[in-house]
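Here is what each chain is made of, one letter per residue.
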Amino acid sequence: MEFAPNNTIIKAAVVDVLNENDEVKIVILELPKAGSYPGFLSIGKLLIAKIIDANNTIDFKVEDVISAEIEVLGGPLKQVFLLHNVSKQF
């Protein structure tokens, strides 16, 4: 079983930066109020996500707060998380 196409807007804190800003380890801080979320997304979930189309000039650091659209691919046993439209929150 694969997840249906999905995008969910999140707010998250960067815990670690991996692969020269191509991937980040994040903790989800906020999700939209209503609805069910793909890939067992929940507030407080720690995950590694690949940054797909962030502005290349963004330099992520530990403790940065970001907002993004997260897309979950795969199925219940193995998920891949992709971040689109990533921006830092100031």
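Heads up: the structure comes first, above all this text.
Now for a quick tour of the structure.

## Quick word on the overall build of the protein chain
Here is step 1: Across its full length, the protein chain carries zero helices and five strands.
Here is step 2: Along the protein chain, from the amino end to the carboxyl end, the secondary structure elements read β-β-β-β-β.
Here is step 3: Here the protein chain has a C-alpha radius of gyration of 12 Å; the compact-globule value for 90 residues is 12 Å, and the two agree.
Here is step 4: Seen through its principal axes, the protein chain has C-alpha atoms that stretch 35 × 25 × 20 Å.
Here is step 5: Looking at the protein chain residue by residue over its 90 residues, the buried ones come to 38%.
Here is step 6: Summarising the internal contacts of the protein chain: among those between residues at least 6 apart in sequence, 54% fall at separations of at least 24.
Here is step 7: Accessible surface, the protein chain: about 5600 Å² in total, of which carbon and sulfur atoms supply 55%.
Here is step 8: Measuring between centres, the 8 positive side-chain charges of the protein chain sit 5 Å from its 12 negative side-chain charges.

## Overview of the side chain of Glu71
Here is step 1: With respect to the helices and strands, Glu71 occurs in strand β4 (residues 65-74).
Here is step 2: The buried charged residue Glu71 lacks any salt bridge partner; its closest oppositely charged side chain belongs to Lys50, at an N-O distance of 12 Å.
Here is step 3: There is a polar contact of 2.8 Å between the side chain of Glu71 and the side chain of His84.
Here is step 4: In contact with Glu71, not counting residues within four places along its chain, are Asn6, Asn7, Val80, Phe81, Leu82 and His84.

## Some remarks on the environment of Glu23
Here is step 1: Along the polypeptide, Glu23 turns up in strand β2 (residues 23-30).
Here is step 2: Taking the relative accessible area as the measure of exposure, Glu23 reaches 22% and is therefore partly exposed.
Here is step 3: Spatially, the C-alpha atoms of Glu23 and Ser42 are 20 Å apart, while their sequence positions differ by 19 residues.
Here is step 4: Filtering out sequence-adjacent residues up to four positions away, Glu23 remains in contact with Val17, Leu18, Ile48, Ala49 and Lys50.
Here is step 5: There is a polar contact of 2.6 Å between the side chain of Glu23 and the side chain of Asn19.

## Things to note about the nonpolar core
Here is step 1: Among the nonpolar cores identified, the biggest contains 20 residues, and Ile10, Ile26, Leu47, Ile66 and Leu83 are the most heavily contacted of them.
Here is step 2: Those elements that place two or more of their residues in this core are β1 (8-18), β2, β3 (46-51), β4 and β5 (79-88).
Here is step 3: Broken down by element, this core gets its largest block of residues, four residues, from β4.

## Quick word on the side chain of Lys45
Here is step 1: Position of Lys45 relative to the elements: it lies in the loop between β2 and β3.
Here is step 2: It turns out Lys45 is buried and unbridged, and the closest side chain with the opposite charge, Glu23, is 15 Å from it.
Here is step 3: Beyond its immediate stretch of four places on either side in the chain, Lys45 contacts Ile26, Val27, Ile28, Gly39, Phe40, Gln79 and Phe81.

So, how was this worked out
- Residues numbered from 1 in each chain as written.
- Predicted model: local features only at pLDDT ≥ 70, side-chain atom pairs only at ≥ 80, totals over all residues.
- Heavy atoms only, no water.
- Helix = DSSP H or I, 4+ residues; strand = E, 2+ residues; numbered from the N terminus.
- Rg over C-alpha atoms; globule rule 2.2 N^0.38 Å.
- Buried < 20%, exposed > 50% of the residue type's maximum accessible area, 1.4 Å probe, protein only.
- Contact = heavy atoms within 4.5 Å.
- Areas by Shrake-Rupley, 256 points an atom, 1.4 Å probe, with all protein chains shown as cover.
- Lys, Arg positive; Asp, Glu negative; His and termini not counted.
- Charge placed at Lys NZ, Arg CZ, Asp CG, Glu CD.
- Salt bridge = Lys/Arg side-chain N within 4 Å of Asp/Glu carboxyl O.
- Polar contact = N/O pair within 3.5 Å; in protein donor to acceptor, adjacent residues only side chain to side chain.
- Core = buried A, V, L, I, M, F, W, Y, C linked by side-chain atoms within 4.5 Å.

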